[in-house]
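# Architecture and fold: a report
Here's the letter readout for the chains.
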Amino acid sequence: MNKNTLIIKLLSSMIICLFILGSVFPVLGTTKSDQPYGFTNTGPHHYFTYQEMTDLLHNLSNDHSDIMSLISIGKTYEGRDIWLVKLSDNVEEDEEEPGVLLMGAHHGNEKPSFEALIFFIQHMVENYGKENTDDDGDGILNEDPVDGVDNDGDGNVDEDPSEDRVRDVVDNTQIFLIPMVNPDGVEYGWRKNRAPNYGPFGIKDEVTSYGVDLNRNYGYKWYLYYILPVQYNLAFTLFDESWNYRGEYPFSENETRAVRDFVIDHSNIKISLSYHSYSEVIMYPWTHTSLKTPDENLFISIGENISKIDKYELLINGWRNKSYIIPRFGGTLGTSENWLYGERGILSYTMELCKTRAPTDPDVVYDYCLKHVGVNLYVCERSCTID
């Protein structure tokens, strides 16, 4: 075999190999660089800043004004707008359709809680007007929607999301989203907001500390702190230096008042999910006692179906690993879940995302964002069945 013949054979072999690689690997799966919304498979994941989120939401609402509106429901101590997104087919109207409330970043250092909601907003507006797409290239449309199940038996899960499902949800519900309840805390990089404190009861002349734990500031049964101070850990919530400081009084903070006032003005909200991180669990009221709610069976039914999608553990009556993590009388007061359900009758859940506070592996971030697209779609669909 002469030298020229050998070179030709080697080049031919290389071309065949490249053809095989290009043909087979796209079928086996895509990289994060092929995925939507800026995800890449190189380097740590970059979480949205408040300004980046603000710019994106304005752009999306301008580009998709037929189904998305953006309003400020209040301002923080440091002057940031608390943005609320509404998704619906008649977005400028207050319809009789059931509402779903999705919230993130009550705690500013829990970045996955807002990242998942921003991802969901993008997914909804960018798929609403799309034709049904064969995302996995198997010749079948929408056969593997985002539900945590390998519906087509090909070894992959949720690889062919349904555009029809997005349209049905937007056309039949009203979705309200507050991605960052606590934008000051997000920007500062800590749990609480950034309002100055003047002692636990606001009676000192000088600033003693900064910040209130917003998820201890909702006004439901605060009096239990004084009846059972040990059981309800008053020492950890009373002093303003504490990470769990509850505030001077119920709804003392701009952020919790903004949520309260919006909810009171929208009586059609049926279900609420408040996203946090971390521990991969799903919780529902009560957070201050393991006593059952009047809607226990409904809470469990919805919670179990959420668990099938995201594979998180549903804590029933505060029960985990054969013991109560929420005592019979004791636990956490001032949560949004307790107030939303106890005062407004809204089926409210806490969604604790991830195994760590703010993972930066892009695969992990993309996984929890996509899973909870399915969760959010499901609770929207389920809201249509609740009286």
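Residues numbered from 1 in each chain as written. Predicted model: local features only at pLDDT ≥ 70, side-chain atom pairs only at ≥ 80, totals over all residues. Heavy atoms only, no water.

## What to know about the overall build of the protein chain
Heads up, the condition is: Helix and strand assignments come from DSSP, with helices taken as H or I runs of at least 4 residues and strands as E runs of at least 2, each series counted from the N terminus. Any two residues whose heavy atoms approach within 4.5 Å are treated as being in contact.
For the protein chain, the helix and strand inventory stands at 11 helices and 12 strands. Within the protein chain, contacts between residues separated by at least 24 positions form 74% of all contacts whose residues are at least 6 apart in sequence.

## Topic: the packing of helix α3 (residues 112–128) against helix α11 (residues 362–383)
Cut-off, in case you're wondering: Axis definition: a line fitted to C-alpha atoms, limited for helices to the stretch in contact. Angles are taken between N-to-C directions and run from 0 to 180 degrees. Handedness of a crossing is defined here by the sense of rotation of the near helix relative to the far one, left-handed for an anticlockwise turn of less than a right angle and right-handed for a clockwise turn. For this classification, the nonpolar set comprises Ala, Val, Leu, Ile, Met, Phe, Trp, Tyr, Cys and Pro, the charged set comprises Asp, Glu, Lys and Arg, and every other residue, Gly included, is treated as polar.
Orientation of α3 relative to α11, taken along the N-to-C sense of each, is 65°, at an axis distance of 9 Å. Crossing geometry of α3 relative to α11 is assigned as right-handed. Of the residues in α11, those in contact with Pro112, Glu115, Ala116, Leu117, Phe119, Phe120, His123 and Met124 of α3 are Val365, Tyr366, Tyr368, Cys369, Leu370, Val373, Asn376 and Leu377. Residue composition of the contact of α3 with α11, grouped by class: 13 nonpolar, two polar and one charged.

## Things to note about α11
The periodicity of an α-helix, 3.6 residues per turn, causes residues three or four places apart in sequence to face the same way. Keep this limit in mind: In this scheme, a helix's expected span is set at 1.5 Å multiplied by one less than its residue total. Side-chain atoms alone can form a polar contact between residues adjacent in sequence; in general such a contact is a pair of N or O atoms within 3.5 Å, and within protein one must be able to donate a hydrogen while the other accepts it.
With 22 residues, α11 should reach 32 Å at 1.5 Å per residue; the first-to-last C-alpha distance of 31 Å fits that figure. A distance of 2.8 Å separates the backbone nitrogen of aspartate 363 from a side-chain oxygen at the start of α11, and that oxygen is part of aspartate 361.

## Brief notes about the pairing of strand β12 (residues 347–353)
What counts, and what does not: Only protein chains enter the accessibility calculation, which uses a 1.4 Å probe. A residue is then buried if its area is under 20% of the maximum for its type, exposed if over 50%, and partly exposed in between. By this definition, two strands are paired if DSSP reports at least two bridges between them.
Burial runs high along β12: seven of the seven residues are buried. Sheet topology note: the strand β8 (residues 281–283)/β12 ladder contains three bridges and is antiparallel. If you follow valine 281 over to β12, its bridge partner there is glutamate 352.

## Side note on a nonpolar patch on the surface
Rules: To count toward a patch, a residue needs a relative accessible area over 30% and no salt bridge; like charges are then connected within 9 Å, while nonpolar side chains (Val, Leu, Ile, Met, Phe, Trp, Tyr) are connected within 5 Å. Per-residue and other accessible areas were derived by the Shrake-Rupley procedure at a 1.4 Å probe size, with only the shown protein chains allowed to occlude residues. Criterion for a salt bridge: a side-chain nitrogen of Lys or Arg within 4 Å of a carboxyl oxygen of Asp or Glu.
A cluster of nonpolar residues, Tyr198, Val207 and Tyr210, forms a patch on the protein surface that exposes about 240 Å² of accessible area. Within the fold, tyrosine 210 resides in strand β6 (residues 209–210).

## Some thoughts on the environment of isoleucine 73
Checked against the element boundaries, isoleucine 73 lands in strand β1 (residues 68–75). Its relative accessible area of 18% is what places isoleucine 73 among the buried residues. Taking C-alpha positions, isoleucine 73 is 7.7 Å from valine 259, a pair spaced 186 residues apart along the chain. Apart from residues lying up to four places away in sequence, isoleucine 73 is in contact with Ile82, Leu84, Ile178, Ala258, Val259 and Phe262.

## Comments concerning the pairing of strand β7 (residues 269–277)
Buried residues dominate β7, accounting for eight of its nine residues. Note: strand β3 (residues 99–103) against β7, five bridges, orientation parallel. Note that in β7 the partner of leucine 101 across the bridge is serine 272. In this sheet, β12 lies alongside β7 in parallel orientation, the contact comprising seven bridges. Following the sheet pairing, histidine 276 is matched in β12 by glutamate 352.

## A word on the sheet that holds strand β9 (residues 313–314)
An order of β1-β2-β4-β3-β7-β12-β8-β9 is seen for the eight strands of this open sheet, with the pairing classed as mixed. Both edges of this open sheet fall to β1 and β9, since each of them pairs with a single strand only. Bridge count between β3 and strand β4 (residues 174–178): five bridges; the pairing is parallel. Counterpart to methionine 103 in the pairing with β4 is isoleucine 178.

## Quick look at the nonpolar core
Heads up, the condition is: Throughout this description, the term nonpolar core refers to a set of buried Ala, Val, Leu, Ile, Met, Phe, Trp, Tyr and Cys residues connected via side-chain atoms within 4.5 Å.
Residues Leu273 and Tyr349 are the most contacted members of the largest nonpolar core, which totals 85 residues. At 11 residues, α11 tops the list of elements feeding residues into this core. Ignoring anything within four residues of it in the chain, the contact list for leucine 273 reads Leu101, Leu102, Met103, Ile306, Tyr349, Met351, Val375, Asn376 and Val379. Within the second largest apolar cluster, seven residues are counted, among which are Leu224, Tyr225, Leu234 and Leu333.

## Description of helix α2 (residues 50–63)
Keep this limit in mind: Working definition: the arc comes from the directions between the helix axis and the C-beta atoms, pointing outward to the latter.
Helix length check: α2 (14 residues) gives 20 Å between terminal C-alpha atoms against 20 Å at 1.5 Å per residue, within 8%. Every buried residue of α2 is accounted for by Tyr50, Met53, Thr54, Leu56, Leu57, Leu60 and Ser61. Buried residues of α2, viewed axially, fall in a sector of 170°; they line one side. Opposite its buried face, α2 presents the exposed residues Asn62 and Asp63, each directed more than 90 degrees away.

## Remarks on the packing of aromatic side chains
Going by this rule: In this scheme Phe, Tyr and Trp rings, the latter by its six-membered ring, pair at centre separations within 6.5 Å, and the angle between planes marks the pair as stacked below 30 degrees, edge-to-face above 60, and tilted otherwise. Sitting over a ring, as applied to charges here, requires NZ of Lys or CZ of Arg to be within 6 Å of the ring centre and within 35 degrees of the ring normal.
In total, this model carries 15 aromatic pairs according to the counting rule given. Between the aromatic rings of tryptophan 286 and tyrosine 341, the centroid separation amounts to 5.2 Å while the plane-to-plane angle is 55°, which identifies the pairing as tilted. A residue pair is termed long-range when its members are at least 10 positions apart, and tryptophan 286 in the loop between β8 and α9 (296–310) and tyrosine 341 in helix α10 (residues 336–344) qualify at 55 residues. Across this residue pair, the class does not change: tryptophan 286 and tyrosine 341 are buried. A connected cluster of aromatic rings, assembled from ring pairs, spans Tyr220, Tyr284, Trp286, Phe299, Tyr341 and Tyr349. When the ring centre of tryptophan 190 is taken as reference, the NZ or CZ atom of lysine 192 above it lies at 5.6 Å.

## Some points on the side chain of histidine 64
Its place among the elements puts histidine 64 in the loop between α2 and β1. Within the local environment of histidine 64, its side chain forms a polar contact with the backbone oxygen of valine 125, the two atoms lying 3.4 Å apart. When near neighbours in sequence (up to four residues on either side) are disregarded, histidine 64 contacts Val125 and Glu126.

Remember, this is a structural readout, not a statement about activity or role.
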